[in-house]
Amino acid sequence: LLQLSVPLNFIGFVYREIRQGLTDIEEMFDLLEVEAEVVDAPDAKELHIGTGALCFRDVRFAYDPERPILKGISFDVPAGKTVAIVGPSGAGKSTLSRLLYRFYDIQSGSITIDGQDVRDVTQKSLRSVIGMVPQDTVLFNDTLAYNIHYGRPDATEADVMAAADAAQISGFIAKLPNGFQTMVGERGLKLSGGEKQRVAIARTILKAPPILILDEATSALDTHTEQEIQSALDVVSKNRTTLVIAHRLSTVIGADEIIVLKDGMIAERGTHASLIASSGLYASMWSRQREAIQAEERLREVREMD
Ligand code: ADP
Ligand code: MG
């Protein structure tokens, strides 16, 4: 981790932040990738979370001023609803989630939660209401129990077990000689991408935040495991404001709205049915994925006959 090209004083900053009790492990690792640190406004207030309604208004953003990434994005995630962001890789999907978490500040427009601009509230209060299952989960060099418990330090052991169950990782853990006390991370047991993702999902299930961001949360899983986890995620996201970033379109069919992002702009938006009916980019992405899944199934059938 320390091999990253991050100035040492920045790592010191991150350590202090952790000691001061920030609640998200993801945050620490994402922070390590961020060069410029966003700071609280001098008069920053606590975010008052109500129903958890999100509003992106004409959001423009560039990591590098020469190269705009988001070119005027507007959409809402009404309280308790699920909005999916899909589109080609590099379109700016993960960037949207990083902006909601305020790892970066936007150049113009606004992002609000229950009417409060994310730039006007403390980062600590902002991040305490958001649960994020990122694309690449990095675990603490500590036990599995610790890594899950982190989602809600005051949870009971029974809550931790229940979360592991819901994330379909408890069976795997039960088979380990040291069970939940198994050390993981760089100096412990190496977990596969899918196992790490399930630990992150268990942590988020335990945290049960008012707002959820799932960034390709099931991408490292095989189709079968993905379907099982999807049902666990459906339970967590029920009645919670959820932003899902998805590569596999099969996971977003039920979303209240699907936004197709392309080159930093909204190319199409609607429900699964309306987007299929309009025969545009989404419809062609959908048919390509269907063909790939069918080819995979035929291949499996042929193998099973041998
Ligand atoms: P997606 O999630 O849709 O695949 P991202 O939001 O991760 O896309 O990235 C959008 C664009 O921004 C990509 O071209 C990517 O290379 C660029 N990008 C992402 N992160 C950074 C960064 N930290 N610095 C500079 N450019 C970045
Ligand atoms: Mg991404």
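Conventions used here
- Residues numbered from 1 in each chain as written.
- Chains lettered and ligands numbered in written order.
- Predicted model: local features only at pLDDT ≥ 70, side-chain atom pairs only at ≥ 80, totals over all residues.
- Heavy atoms only, no water.
- Helix = DSSP H or I, 4+ residues; strand = E, 2+ residues; numbered from the N terminus.
- Buried < 20%, exposed > 50% of the residue type's maximum accessible area, 1.4 Å probe, protein only.
- Contact = heavy atoms within 4.5 Å.
- Areas by Shrake-Rupley, 256 points an atom, 1.4 Å probe, with all protein chains shown as cover.
- Near = heavy atom within 4 Å.
- Polar contact = N/O pair within 3.5 Å; in protein donor to acceptor, adjacent residues only side chain to side chain.
- Nonpolar A, V, L, I, M, F, W, Y, C, P; charged D, E, K, R; others polar.
- Expected span 1.5 Å × (residues − 1).
- Pairing = 2+ DSSP bridges.
- Axes fitted to C-alpha atoms, helices over the stretch in contact; angles between N-to-C directions.
- Core = buried A, V, L, I, M, F, W, Y, C linked by side-chain atoms within 4.5 Å.
- pLDDT = per-residue confidence, 0-100.

1. Some remarks on the overall build of the chain
Helix and strand content of the chain: 11 helices and 10 strands. The buried share of the chain, reckoned over its 306 residues, is 49%. By sequence separation, contacts in the chain at least 24 residues apart represent 72% of the contacts at least 6 residues apart. Roughly 15400 Å² of accessible area belongs to the chain as shown, and the carbon and sulfur atoms make up 52% of that amount.

2. What to know about the site of ligand 1
Near ligand 1 lie 13 residues; those nearest to it are R67, G90, K93, S94 and T95. Between a nitrogen atom of ligand 1 and a side-chain N or O atom of Y104, the distance comes to 3.5 Å. Notes on ligand 1: free accessible area 570 Å², of which the protein chains cover 69%. Looking at the shell around ligand 1, its residues break down into 5 nonpolar, 5 polar and 3 charged.

3. Side note on helix α8 (residues 193-207)
For α8, which comprises 15 residues, the first-to-last C-alpha distance of 21 Å matches the rise-based estimate of 21 Å (1.5 Å per residue) to within 8%. Counting buried positions along α8 yields 13 of 15 residues, so the element is predominantly enclosed. Of the residues flanking the end of α8, it is A208, one or two places downstream, whose phi is positive at about 45 degrees.

4. Here we look at the sheet that holds strand β4 (residues 108-113)
What the 4 strands build is an open sheet, ordered β2-β1-β4-β5; its pairing is antiparallel. Strand pairing shows two members of the sheet lacking a second neighbour, β2 (70-77) and β5 (116-117), which therefore form its edges. Sheet analysis places strand β1 (residues 54-61) next to β4, joined by 5 bridges and oriented antiparallel. Opposite F56, over in β4, you have I111 as the bridge partner.

5. Quick notes on the sheet that holds strand β6 (residues 130-133)
Read across the open sheet, the 6 strands follow the order β6-β7-β8-β3-β9-β10; overall the sheet is mixed. With partners counted over all chains shown, the strands left at the sheet margins are β6 and β10 (265-270), one partner each. Each neighbouring strand pair of the sheet contributes to a mean axis angle of 15 degrees, computed without reference to strand direction. Sheet analysis places strand β9 (residues 257-262) next to β10, joined by 5 bridges and oriented antiparallel. Pairing of L261 across the sheet is with I266, part of β10.

6. Examining the nonpolar core
Grouped together as the largest cluster of nonpolar side chains are 43 residues, with contacts concentrated most on V86, I148, I258 and Y282. Only β3 (82-86), α5 (144-149), α6 (157-166), α8, β7 (211-215), α9 (223-237), β9 and α11 (281-305) provide two or more residues apiece to this core. Residue contributions to this core peak at 6 residues, all from α8. Contact partners of I148, with chain neighbours within four places excluded, come to V160, A164, I173, F180, V199, A202, R203 and L206.

7. Some words on the confidence of the model for the chain
Confidence along the chain averages 85 in pLDDT terms, with 87% of residues attaining 70 or more. Segment residues 1-9: pLDDT under 50, and 7 contacts once partners within four positions in sequence are set aside and those in other chains are kept. Within the model, pLDDT remains below 50 along residues 15-23, and this stretch shows 10 contacts once partners closer than five positions in the same chain are excluded. For this predicted complex, the interface confidence comes out at an ipTM of 0.98, alongside a pTM of 0.82.

8. So, the pairing of β7
Among the 5 residues that make up β7, 5 are buried, leaving the element largely enclosed by the rest of the structure. With burial as the criterion, each face of β7 is covered, one bearing I211, I213 and D215 and the other bearing L212 and L214. Pairing of β7 with strand β8 (residues 241-245) involves 5 bridges; the strand directions are parallel. Across the sheet, residue L214 finds its bridge partner in β8, namely V244.

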